[in-house]
Amino acid sequence: MKLPDDLKTRSNSSCELCTSTEDLAAYEVPHAPEAMRNTAIATCGKCRAQLERKEPLDAQHWQCLTTAMWSEVPAVQVVAWRMLNRLRNETWAAEQLDMMYLDDELLAWAKASGDHDNDDVVELHLDSNGTQLQHGDTVVLTKSLDVKGTSLNAKMGTVVKNIRLVENNTEQIEGKIEGQLIVILTKYVRKQNA
């Protein structure tokens, strides 16, 4: 999603969290009340990836919240509160949370995601060597596998191109072997060229 003109203007063409000007796009803050307007914020790629739990939290990067939390934009305040809670084991984040105030409506919106109850652990699809897998990657089977419901036996060393990650299950990917779409456990693959 590109950065709409109203967000460009409001954010001065920079991330409303860390002020980066790289890879900007709109981030729709989830679980907004129906009556709430302007629920999107301008974010850089690094902030978005960590907001969406697609990469591990970088506590140093999020030091920017000590400034962003004072934004007059409700959506930015909500995201700052959520991220500070995910980082609450960091002394500086706990101190900022103690200083931060959200009115009842914004606090309800911030809590609606459940992020304040979760830790900063990010669930990623990892291969047998611990390398992160992405949509479209090519993997190699590290074990011969019998494919349930078929007579197909996928041999060790078989290359599977253009994989898809199974949402909500970091232990599974999907890929085609001999024209059949199958589910493969990530512990039985390694990313090619990794």
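In case you missed it, the structure is sitting above this.
Since this is a predicted model, take the numbers as computed values, not measurements.

*Asks:* Is there a simple way to think about the sheet that holds strand E3 (residues 139-141) in this case?
*Replies:* The strands making up a sheet are joined through hydrogen bonds of the backbone, oriented either antiparallel or parallel. Taking strand neighbours across the sheet as the criterion, the 3 strands line up as E6-E3-E10 in an open arrangement whose pairing is antiparallel. Each edge of the open sheet is held by one strand with a lone partner, namely strand E6 (159-160) and strand E10 (189-191). Sheet topology places E3 next to E10; 3 bridges connect them, and they run antiparallel. Within the sheet, the bridge partner assigned to valine 140 lies in E10 and is arginine 190.

*Asks:* Just checking my understanding: could you explain the side chain of histidine 61 for this structure?
*Replies:* On the secondary structure map, histidine 61 appears in the loop between helix H2 (45-51) and helix H3 (65-68). For histidine 61, a relative accessible area of 16% puts it in the buried group.

*Asks:* Please clarify how helix H4 (residues 74-86) should be interpreted in this entry.
*Replies:* Every α-helix winds through 3.6 residues per turn, so residues three or four apart in the chain are directed the same way. With 13 residues, H4 ought to run about 18 Å at 1.5 Å a step, and its terminal C-alpha atoms sit 19 Å apart, in line with that. In terms of burial, H4 is largely enclosed, as 12 of its 13 residues are buried. Listed in full, the buried residues belonging to H4 are Ala75, Val76, Gln77, Val78, Val79, Ala80, Trp81, Arg82, Met83, Leu84, Asn85 and Arg86. Buried-residue contacts for H4 involve strand E1 (25-28), strand E2 (40-43), H2, H3, helix H5 (91-99) and helix H6 (104-111).

*Asks:* Please clarify how the packing of H4 against H5 should be interpreted in this entry.
*Replies:* For any two helices packed against each other, the geometry is given by the interaxial angle and the distance between the axes. The geometry of H4 relative to H5 is characterised by a closest axis approach of 8 Å and an angle of 140° between their N-to-C directions. As summarised for this structure, H4 and H5 are arranged oblique, according to the angle between their axes. Considering how the two elements wind past one another, H4 and H5 form a crossing that is left-handed. Contacts between H4 and H5 involve Trp81, Leu84 and Asn85 on the former and, on the latter, Trp92, Ala93, Gln96 and Leu97. A breakdown of the residues in the contact of H4 with H5 according to their chemical character gives 5 nonpolar, 2 polar and no charged.

*Asks:* Any chance you could explain the sheet that holds strand E8 (residues 172-177) here in plain terms?
*Replies:* Spatially, the 3 strands line up as an open sheet ordered E7-E8-E9, and their pairing is antiparallel. In the strand order of this sheet, the two ends are held by strand E7 (164-165) and strand E9 (180-185), each with one partner.

*Asks:* Would you explain the pattern of salt bridges in this entry?
*Replies:* Oppositely charged side chains can form a pair if their charged atoms are brought close together. Within this structure, the stated rule accounts for 6 salt bridges. A salt bridge links arginine 164 to glutamate 174; the shortest N-O distance between them is 3.7 Å. Here glutamate 174 lies in strand E8 and arginine 164 lies in strand E7, a separation of 10 residues in the sequence. Exposure remark for arginine 164: the relative accessible area of 41% places this residue in the partly exposed category.

What counts as what
Residues numbered from 1 in each chain as written. Predicted model: local features only at pLDDT ≥ 70, side-chain atom pairs only at ≥ 80, totals over all residues. Heavy atoms only, no water. Pairing = 2+ DSSP bridges. Helix = DSSP H or I, 4+ residues; strand = E, 2+ residues; numbered from the N terminus. Buried < 20%, exposed > 50% of the residue type's maximum accessible area, 1.4 Å probe, protein only. Expected span 1.5 Å × (residues − 1). Contact = heavy atoms within 4.5 Å. Axes fitted to C-alpha atoms, helices over the stretch in contact; angles between N-to-C directions. Parallel < 35°, antiparallel > 145°, perpendicular 65-115°, else oblique. Left-handed = near helix turned anticlockwise from the far one by under 90°. Nonpolar A, V, L, I, M, F, W, Y, C, P; charged D, E, K, R; others polar. Salt bridge = Lys/Arg side-chain N within 4 Å of Asp/Glu carboxyl O.

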